[in-house]
Each structure stands twice: as structure tokens, then as C-alpha cells.
Amino acid sequence: MTLVAIILATLAAGIGSVWVAAFLMGLGGGRAPAVMPQRLLSLAAGALLATAFMHLLPEAFESHGEAHDLFITLLIGLVFFFLLSKAELWHHGHEHSHGHAHEHEHHGHAHEHAPRKGGWAVLTGDSVHCFGDGVLIASAFMADIRLGMIAALSVLAHEVPHHMGDIVVLRQASSNRRVALIKVSMAGAVTTLGGVAGYFLVGQLHDLLPYFLTVASSSFIYVALADLIPQLQKRLSARETAAQVFWLLLGILLVTVMSGAAHTHSHMH
């Protein structure tokens with residue numbers, strides 16, 4: 001039953017996020033609507049931080065893991081994801097780092113300077129990232145079904161703006177929009193492979209589950225603080241700033257409400 005839930009949740013997070021991204025870009029005539037990426041970034045940052053600090057970390061610390069060891073794991077995880085991010089930027093060079101840093105600002109023109117052959121590089125990096133997301137979701141499900149659902153929701157939220165950028169890159173590399181969508185969807189489907197691998201890996205190493213949850217937390221915290229929030233730190237009007245704060249709090253509230261509903265549902269059954 002847990003494996004089925006992992007497969008369904010990783011499909012929703014991996015492929016669902018691609019389709020949501022494509023749908024939102026369709027509303028903007030093939031580009032992200034001007035205000036949508038900022039709102040999605042704020043929502044995703046709130047959801048990721050709430051998931052890490054209100055669910056994953058408490059679950060890890062309430063287990064038999066030593067607090068000192070878990071804090072060390074959290075620190076190592078943050079440093080690891082920082083180095084991974086640097087390696088990814090170095091590998092993809094100007095094409096990937098320039099594009100993703102500005103995709104939400106330029107809405108479709110972000111990758112004008114990217115080489116046309118760059119699509120596969122983005123897909124490869126995206127697939128590895130999605131595989132890791134799948135493992136993290138599986139770790140959460142192995143601790144608690146409710147926790148897994150929240151983790152999957154958070155992954156979906158932060159992957160939508162990311163996949164918007166990927167679709168833009170692949171449309172630059174290919175004139176066929178449908179092919180671009182299929183390619184990004186295939187990369188998103190790797191999330192499910194990661195989920196299945198994570199299910200068997202965590203199942204074999206159940207005593208290490210608190211550490212898997214802590215690593216998942218470090219991933220969510222790093223993405224929120226190092227990737228999403230810096231893109232929101234621009235000089236904006238008071239109204240736009242209020243909107244950012246609102247969507248950030250909405251992300252936190254969404255995770256909290258979903259957690260409460262899932263918890264009530266699990267008790268009913």
C-alpha cells in the first residue's frame with residue numbers, strides 16, 4: 001500500500017508539476033503570466049519551509065535519532081546541496097545558470113543566449129534532480145503517509161516554476177512544443193523511479209530513516225532559502241511586497257491545513 005501511495009504521489013509531483021507549468025504558460029500565451037512565477041515562488045518557498053520545519057524535522061527528532069547527530073546531518077546536507085548546486089551551475093555554464101536565475105524575470109526570453117543544443121543538458125540535470133526528489137518523498141512516506149503527502153505537495157509546488165524554465169529552454173532547442181512538453185514530462189517521470197528506489201532503500205535501512213528525513217529537510221530548506229527566496233528579493237512596490245508575503249504565508253498555511261486534514265482522515269480510518 002505504501003509503495004502504491006509513493007508511486008501515485010511521485011507521478012503527481014513529477015509529471016503533474018510539468019503539466020501545471022505548461023497550463024500556466026498556456027494562459028500566458030506560451031509564456032508564464034507576468035505575475036504568476038513570483039506568486040508560485042513565494043507559495044513554494046512557504047510550503048517547503050513549513051514542510052521542513054513543521055513536519056520532516058520534528059518527525060526525525062521524535063525518533064530514536066540523537067539530536068546532535070541529526071543537527072550534524074542537517075549541516076552536512078545543506079553544504080552538500082550547496083556544492084551540488086555549484087557543480088550544476090559549473091557543468092551547464094552560462095546556458096543553465098543564466099537561464100534559471102532569470103527565467104521568472106524575463107518570462108520566455110530568459111534563454112535567448114542559450115545554445116540550441118542545450119536542451120539535453122537541462123534534461124539530464126532535471127532528471128537527476130527529480131530522482132532525488134523521488135527518494136526524498138519516499139523517505140517521508142516511509143515515516144508516515146501524511147508526511148509523504150505533504151512532501152509530495154511541497155515538491156510539486158517548487159517544481160512548477162522550475163519546469164516553466166525547462167520548457168522555455170526546450171522550446172528554444174526544438175520548434176515542436178509538444179515534443180518539448182513530452183521531454184520535460186519524461187524527466188519529471190524520473191521522480192517515480194526515485195520514489196521506488198527510495199522505497200526499497202529506506203526499507204532496507206529503516207534505522208537510518210531519521211537521517212533520510214533530515215537530509216530531505218536540508219534539501220527543502222536549501223531550495224527555499226538559496227534558490228527561491230533570493231529571486232523574490234527585489235525592490236518592489238508596497239502592494240507587490242504584500243502580495244509576496246501573502247503567498248509565502250499561504251504556502252505555509254496550505255501545508256498546515258493539508259497536514260491537519262490528512263491527520264484527521266488517518267484517524268477516521
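Here is what the cut-offs are and how they apply
- Residues numbered from 1 in each chain as written.
- Predicted model: local features only at pLDDT ≥ 70, side-chain atom pairs only at ≥ 80, totals over all residues.
- Heavy atoms only, no water.
- Salt bridge = Lys/Arg side-chain N within 4 Å of Asp/Glu carboxyl O.
- Buried < 20%, exposed > 50% of the residue type's maximum accessible area, 1.4 Å probe, protein only.
- Core = buried A, V, L, I, M, F, W, Y, C linked by side-chain atoms within 4.5 Å.
- Helix = DSSP H or I, 4+ residues; strand = E, 2+ residues; numbered from the N terminus.
- Contact = heavy atoms within 4.5 Å.
- Polar contact = N/O pair within 3.5 Å; in protein donor to acceptor, adjacent residues only side chain to side chain.
- Phe/Tyr/Trp six-rings, centres within 6.5 Å; stacked < 30°, edge-to-face > 60°.

1. Some remarks on the pattern of salt bridges
Once their charged atoms are close, side chains differing in charge can pair, the charge on each being opposite to the other. Under the defined criterion, the tally for this structure stands at 1 salt bridge. Residues Arg-146 and Asp-144 are paired through a salt bridge, measuring 3.4 Å at the closest nitrogen-oxygen approach. A residue is classified by how much of its surface remains accessible, and Arg-146, at 21% relative accessible area, is partly exposed.

2. Concerning the nonpolar core
Residues Leu-48, Leu-56, Ile-137, Phe-141, Leu-213, Phe-220 and Leu-228 are the most contacted members of the largest nonpolar core, which totals 36 residues. If you list the elements that add at least two residues to this core, you get helix H1 (2-27), helix H2 (36-61), helix H3 (67-106), helix H4 (119-143), helix H5 (145-173) and helix H7 (209-232). With 10 residues, the single largest contributor to this core is H7. If we ignore the near neighbours within four places in the chain, the residues touching Leu-56 are Thr-51, Ala-140, Leu-147, Leu-213, Ala-216, Ser-217 and Phe-220. Counting residues in each nonpolar core, the second largest holds 15 residues, with Ala-21, Met-25, Ile-167 and Leu-170 among its members.

3. Thoughts on the side chain of Thr-51
Considering the arrangement of structural elements, one finds Thr-51 in helix H2. A polar side-chain atom of Thr-51 sits 2.7 Å from the main-chain carbonyl oxygen of Ala-47. Thr-51 has contacts with Leu-56, Ile-150, Ala-151, Ser-154, Phe-220 and Val-255, leaving out every residue within four places of it along the chain.

4. Details of the packing of aromatic side chains
The final tally for this structure, using the stated rule, is 4 aromatic pairs. Taking the centre distance of 5.1 Å and the plane angle of 80° together, the rings of Tyr-199 and Phe-200 count as edge-to-face. Look at Phe-200 and you get partly exposed, because its relative accessible area is 49%.

5. Some points on the environment of Leu-181
Considering the arrangement of structural elements, one finds Leu-181 in helix H6 (residues 177-204). For Leu-181, a relative accessible area of 28% translates into the label partly exposed. Sequence separation between Leu-181 and Asp-166 is 15 residues, and the spatial gap between their C-alpha atoms is 9.3 Å. In this structure Leu-181 touches Val-18, Trp-19, Ala-22 and Ile-167, once residues within four positions along its chain are discounted.

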